[in-house]
Amino acid sequence: MRIKKENIEILSRNQIEELALSPFPPNTALISVRDTDKAAPKLKNKPMWHLQLVFDDISSDETEDYKEQEYTLFSEQTAQQIAYFVICHKDTTERIICQCEYGQSRSAAIAAALLEFFYKSGIEIFADDRYFPNKLVFRLTLQALIKRG
């Protein structure tokens, strides 16, 4: 595995759009999450590998609050997409960027799952006051990584 712990990053939409104004370093993978009602981030330059996902930042215990609205809940299938993407590229990727709208919840949960899977240190993200990892995203992603890894 070539991915170093410090090379698993969490970014917001604004940060990834700014970063993409310049070419990405070689062997960069981007896991990009957007809301169902938003367009994908505008990337002037593209990373070597890019997984684009669309789901809303709610967890299964919050669905009652959203009955009147349409939403897309994170699913086992989406978690499997992430696991497949990461496992396929883990030997060639040197940097994984996890990005969502604000860089605090969904991307933080994915990064925490990756850190837990590879380094048993996902708790570092949960302990960091900058982040509020979505627990459903974390749990299903980690389970999918364990099954696939």
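The structure under discussion appears in the preceding block.
Residues numbered from 1 in each chain as written. Predicted model: local features only at pLDDT ≥ 70, side-chain atom pairs only at ≥ 80, totals over all residues. Heavy atoms only, no water.

Colleague: What exactly am I supposed to notice about the packing of helix α3 (residues 106–119) against helix α5 (residues 135–148) here?
Modeller: Axes are the key here: two packed helices are described by the angle between their axes and the distance separating the axes. Two elements in contact, α3 and α5, have axes separated by 8 Å at closest approach and are oriented at 35°. Here α3 and α5 pass one another in a crossing that is right-handed. In contact with R106, A109, I110, A112, A113, L114, E116 and F117 of α3, α5 contributes V137, F138, T141, L142, L145 and I146. A per-class count over the contact of α3 with α5 returns 11 nonpolar, one polar and two charged. (Axes fitted to C-alpha atoms, helices over the stretch in contact; angles between N-to-C directions. Helix = DSSP H or I, 4+ residues; strand = E, 2+ residues; numbered from the N terminus. Left-handed = near helix turned anticlockwise from the far one by under 90°. Contact = heavy atoms within 4.5 Å. Nonpolar A, V, L, I, M, F, W, Y, C, P; charged D, E, K, R; others polar.)

Colleague: What exactly am I supposed to notice about the pattern of salt bridges here?
Modeller: Side chains carrying opposite charge are able to pair once their charged atoms draw close together. According to the stated counting rule, one finds nine salt bridges in the structure shown. Its salt-bridge partner being R130, residue D128 comes within 2.6 Å of it at the nearest N-O pair. Here R130 falls in the exposed class, since its relative accessible area comes to 52%. (Salt bridge = Lys/Arg side-chain N within 4 Å of Asp/Glu carboxyl O. Buried < 20%, exposed > 50% of the residue type's maximum accessible area, 1.4 Å probe, protein only.)

Colleague: Would you mind showing me how to read the side chain of E101 here?
Modeller: Looking at the element boundaries, E101 is found in the loop between β4 (95–99) and α3. Residue E101 is classed as buried on the basis of its relative accessible area, which comes to 12%. A polar side-chain atom of E101 sits 3.0 Å from a polar atom in the side chain of R13. Ignoring anything within four residues of it in the chain, the contact list for E101 reads S12, R13, V33, D35, K38 and R106. (Polar contact = N/O pair within 3.5 Å; in protein donor to acceptor, adjacent residues only side chain to side chain.)

Keep in mind that these numbers describe shape and distance, not what the molecule does.
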